[in-house]
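Architecture and fold: a report
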Amino acid sequence: MLRVLAALALLTTAAAADPCTEGKPFDEAALRARLTALASPELDGRAPGTAGDLAARALITERFTCLGLTPGADDGTYAQAFDAEGQPTANLVGLVAGETDELVVVGAHHDHVGDKHLGANDNASGVVALLAIAQAVVQQPKPKRTIVFVTFGGEELGLLGSSHLVAHPPRRVDLAKVVAFVNLDMVGSYSSTRAVYAFGSFPTTAAGKLLDRLDDAYPKLRVGLGGHSVRGDQVPFCKAKIPYVFFWTPDARCYHETCDTVGKIDFPHLAMIASLARDLVRGLADSKLDLGAMRGKTGCGK
Ligand SMILES: [Zn+2]
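How each quantity is defined
Residues numbered from 1 in each chain as written. Predicted model: local features only at pLDDT ≥ 70, side-chain atom pairs only at ≥ 80, totals over all residues. Heavy atoms only, no water. Helix = DSSP H or I, 4+ residues; strand = E, 2+ residues; numbered from the N terminus. Rg over C-alpha atoms; globule rule 2.2 N^0.38 Å. Buried < 20%, exposed > 50% of the residue type's maximum accessible area, 1.4 Å probe, protein only. Contact = heavy atoms within 4.5 Å. Areas by Shrake-Rupley, 256 points an atom, 1.4 Å probe, with all protein chains shown as cover. Donors = N, O, S within 2.8 Å, 3.2 Å for Na, K, Ca; no water. Tetrahedral: all angles 85-135°; square planar, octahedral: opposite > 155°, others 65-115°. Phe/Tyr/Trp six-rings, centres within 6.5 Å; stacked < 30°, edge-to-face > 60°. pLDDT = per-residue confidence, 0-100.

A word on the overall build of the chain
Counting secondary structure elements, the chain contains ten helices and nine strands. In summary, the chain has a C-alpha radius of gyration of 19 Å against a globular reference of 19 Å for 302 residues, a match within 12%. Considering only C-alpha atoms, the chain reaches an extent of 65 × 45 × 40 Å along its principal axes. Buried residues in the chain amount to 55% of all 302 residues. Counting only contacts in the chain whose residues sit at least 6 apart along the sequence, the fraction spanning at least 24 positions is 82%. Of the roughly 12800 Å² of accessible surface on the chain, 59% is carried by carbon and sulfur atoms.

If you want it as structure tokens, here you go:
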């Protein structure tokens, strides 16, 4: 009996201390802690193949594991390895299985340019938003469609990770079944121009219709809907005729500068943007619309 009680006490302690099942996903302190780790001087801006890149991928992998995401790479791990201009790196792919084989893909690149450019906004902000969305998804009932979470390597060298994934999709990421791609890149600089853009959210797309409604629930966000963006990891998906939404906040001060640091991040708005993106991802995953047929009509949107 005593032994049972001791085991129960251990289990209870473990559950109480489990950061994956406890806590609010869009808590600013949690977002700040993760972003600070990814954009720390020790990781030196996470250039592909560096020790900082490896450490960043280890942090993301730890979080994917902790959240219980299903590994999405073909070797049964999260890591889809590829070569970025001779440097070994990887995309990280994890998923939450839904009831159907249709897929909603959420992406954010984890690399930056390195060499004292820490890339807090570009794109540690997108990665922590993605991780928060993943946490929210695992805390909620199982989605209708499967949700795939991908962090890309080699974006700064020319969209290498996203292009690799689209050219060599893992078995679990059948591109023909992808009904939407949601990209998060630079979502921590809302205060720079007091706007967040949701490129690709055209009125003809399911995401455009959803965002038009969701927008009202976030009175403190000015959301720019529609318009194509020809820069970012959505480009290879768009070429594959997959509808996308690209969340982005302009950064008038520190884009690709050494001042892109944690101190410049607008955490209250980052939390709201991540929450809005979660509502969109969840809305797409659970939508009763025939998103496959809509994709066939609109491609990546107009
Ligand atoms: Zn970026």
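As for the side chain of Arg278
Along the polypeptide, Arg278 turns up in helix α9 (residues 267-286). Look at Arg278 and you get buried, because its relative accessible area is 17%. Not counting residues within four places of it along the chain, the set of residues in contact with Arg278 comprises Phe26, Ile133, Ala136 and Gln140.

Focus: the environment of Gln234
Mapped onto the fold, Gln234 is located in helix α8 (residues 234-239). On the basis of relative accessible area, Gln234 is assigned to the buried category, the value being 0%. On a C-alpha basis, the gap between Gln234 and Val106 in space is 10 Å, while along the polypeptide they are 128 residues apart. Those residues in contact with Gln234, other than ones at most four positions away along the chain, are Phe181, Asn183, Ser229, Tyr244 and Phe246.

Focus on the coordination of the zinc ion
Coordination of the zinc ion by the protein is provided by His109 (NE2), Asp122 (OD), Asp185 (OD) and Asp185 (OD), with metal-donor distances spanning 2.0 to 2.7 Å. Each of the four donor atoms bound to the zinc ion contributes to angles spanning 52 to 151°, and the resulting shape is irregular. Written as a sequence motif, the donor arrangement for the zinc ion is H-x12-D-x62-D. Taken together, the positions of Asp122 in helix α4 (residues 120-139) and Asp185 in the loop between β6 (178-184) and α6 (190-193) put the pair 63 residues apart, joining distant regions of the chain. Residue Asp122 shares its accessibility class with Asp185, and that shared class is buried.

Digging into the packing of aromatic side chains
Under the defined criterion, the tally for this structure stands at eight aromatic pairs. Measuring from centroid to centroid gives 6.0 Å for Phe199 and Trp248, while their planes differ by 35°, and the two rings are tilted. Of the two residues, Phe199 sits in strand β7 (residues 196-199) while Trp248 sits in strand β9 (residues 244-248), which places them 49 residues apart along the sequence. Counting every residue linked through ring pairs, the aromatic cluster contains Tyr197, Phe199, Phe246 and Trp248.

Considerations on the confidence of the model for the chain
In this model, the chain carries an average pLDDT of 93, and 93% of its residues clear a pLDDT of 70 or more. Every residue in residues 1-16 is under pLDDT 50, and counting partners more than four places away or in other chains gives three contacts.

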